[in-house]
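Okay, here's what each chain looks like letter by letter:
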Amino acid sequence: EAGVTQSPTHLIKTRGQQATLRCSPISGHTSVYWYQQALGLGLQFLLWYDEGEERNRGNFPPRFSGRQFPNYSSELNVNALELEDSALYLCASSLGGIGKNIQYFGAGTRLSVL
Amino acid sequence: RKEVEQDPGPFNVPEGATVAFNCTYSNSASQSFFWYRQDCRKEPKLLMSVYSSGNEDGRFTAQLNRASQYISLLIRDSKLSDSATYLCVGTLGAGSYQLTFGKGTKLSVIP
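Below you will find a few notes about this structure. (Residues numbered from 1 in each chain as written. Chains lettered and ligands numbered in written order. Predicted model: local features only at pLDDT ≥ 70, side-chain atom pairs only at ≥ 80, totals over all residues. Heavy atoms only, no water.)

## Details of the state of the cysteines
And then number 1: Under the defined criterion, the tally for this structure stands at two disulfides over all chains.
And then number 2: Linked covalently through their sulfurs, cysteine 23 of chain A and cysteine 91 of chain A form a disulfide whose S-S length is 1.8 Å. Between cysteine 23 of chain A and cysteine 91 of chain A, the S-S dihedral sits near -60°, and the bridge is therefore left-handed. Of this pair, cysteine 23 of chain A sits in strand E3 (residues 19-24) while cysteine 91 of chain A sits in strand E9 (residues 87-94); the two residues are 68 residues apart in sequence, bridging distant segments of the chain.
And then number 3: The side chain of cysteine 23 of chain B participates in a disulfide bridge whose partner is cysteine 88 of chain B; the two sulfur atoms lie 1.9 Å from each other. Disulfide cysteine 23 of chain B-cysteine 88 of chain B: the torsion about the S-S bond is -75°, which places it as left-handed. Placement of the pair is cysteine 23 of chain B in strand E3 (residues 19-25) and cysteine 88 of chain B in strand E9 (residues 84-91), with a sequence separation of 65 residues. As far as the burial class goes, cysteine 23 of chain B and cysteine 88 of chain B line up, both buried. (Disulfide = S-S within 2.5 Å. Helix = DSSP H or I, 4+ residues; strand = E, 2+ residues; numbered from the N terminus. Buried < 20%, exposed > 50% of the residue type's maximum accessible area, 1.4 Å probe, protein only.)

## With respect to the side chain of glutamine 37 of chain A
And then number 1: When you line up the elements, glutamine 37 of chain A lands in strand E4 (residues 31-37).
And then number 2: Since its relative accessible area comes to 12%, glutamine 37 of chain A is described here as buried.
And then number 3: A polar contact is formed between the side chain of glutamine 37 of chain A and the backbone oxygen of leucine 41 of chain A, at a distance of 3.1 Å.
And then number 4: Here glutamine 37 of chain A is in contact with Gly42, Leu43, Ala87, Leu88 and Leu90 of chain A together with Gln38 of chain B, once residues within four sequence places are set aside. (Polar contact = N/O pair within 3.5 Å; in protein donor to acceptor, adjacent residues only side chain to side chain. Contact = heavy atoms within 4.5 Å.)

## So, the nonpolar core
And then number 1: Counting 22 residues, the largest nonpolar core has Phe21, Trp35, Ile71, Leu73, Ile75, Tyr86 and Leu107 of chain B as the members making the most contacts within it.
And then number 2: Mapped by element, the contributors of at least two residues to this core are E3, strand E4 (33-38), strand E5 (44-50), strand E7 (60-65), strand E8 (70-75), E9 and strand E11 (105-110) of chain B.
And then number 3: Counting residues per element, this core draws most heavily on E3 of chain B, at four residues.
And then number 4: Excluding residues that lie within four positions of it along the chain, phenylalanine 21 of chain B makes contacts with Phe11, Trp35, Ile71, Ser72, Leu73, Ile75, Tyr86, Thr105 and Leu107 of chain B.
And then number 5: Among the nonpolar cores identified, the runner-up in size contains 21 residues, and Ala19, Leu21, Leu111 and Val113 of chain A belong to it. (Core = buried A, V, L, I, M, F, W, Y, C linked by side-chain atoms within 4.5 Å.)

## Describing the interface of chain B and chain A
And then number 1: Contact residues are listed per partner, giving 18 residues for chain B and 20 residues for chain A.
And then number 2: A buried area of about 1,700 Å², summed over both sides, lies between chain B and chain A, and 57% of it is on carbon and sulfur atoms.
And then number 3: Counting the contacts that link chain B with chain A gives zero salt bridges.
And then number 4: Between the two partners, chain B and chain A, sit two residue pairs in polar contact (both at pLDDT 80 or more). (Buried area = accessible area lost by both parts, 1.4 Å probe. Salt bridge = Lys/Arg side-chain N within 4 Å of Asp/Glu carboxyl O.)

## A closer look at the packing of aromatic side chains
And then number 1: All told, the structure shown has 11 aromatic pairs over all chains when counted by the stated rule.
And then number 2: For the pair tyrosine 35 of chain A and phenylalanine 105 of chain A, a centre-to-centre distance of 5.6 Å together with 45° between the ring planes defines the contact as tilted. With tyrosine 35 of chain A in strand E4 and phenylalanine 105 of chain A in strand E10 (residues 104-105), this pair connects stretches of sequence that are 70 residues apart. When sorted by exposure, tyrosine 35 of chain A lands in the same class as phenylalanine 105 of chain A, which is buried.
And then number 3: With a centroid separation of 5.2 Å and an interplanar angle of 65°, the aromatic rings of phenylalanine 60 of chain A and phenylalanine 64 of chain A are classed as edge-to-face.
And then number 4: Overall, phenylalanine 60 of chain A belongs to the buried group, its relative accessible area being 17%.
And then number 5: With relative accessibility at 1%, the residue phenylalanine 64 of chain A sits in the buried group.
And then number 6: Aromatic ring contacts, followed pair by pair, group Tyr35, Phe45 and Phe105 of chain A together with Tyr36 and Phe101 of chain B into a single cluster. (Phe/Tyr/Trp six-rings, centres within 6.5 Å; stacked < 30°, edge-to-face > 60°.)

Purely spatial values, then, with no claim about function.
Structure (structure tokens):
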């Protein structure tokens, strides 16, 4: 069974551009989470989607946005890129529901902003 | 106060040693706890869930102390392959499905 898949693996952008990152959850998982991990730092929670709805949002500016599609895949958009947005962006999925919140991670997209 | 706090380390231990990590959480209503492992420049992977009664998986033992709001991970007979960052993880509060991650404790097992 396929795990969480993310694309692209690497993304290089310049300041002011927009980046789109994609995530496909494990089959049967309805919840998708996005995290940012800057080099040497911990995971910072970005967004949580479940059943197509945004359930919670971390302490990030509005230029970080996303959506979840009917097939439960998800997209993270980062507008007006800044140098400090350079990081590993991790997507995780879970079954959703009480007692089913173990998250499984994809390999991440490494975003470099020049 | 951070929701989940861990000693960042690094812990440098020789092969075969026993090492213990502790983690504290701030929300007494948090229900579920886990330990994840993250290798350098890789994604976090679930190591084990943590139960009030304590649970063991081979060389790894996890314990939850609700009264003191801390979680522990014990690794016996350390292997070189255990070198990684260990993330303490818990739910935000009662009925919450969302996980909050500690910043991790780095372990280096040296020959």
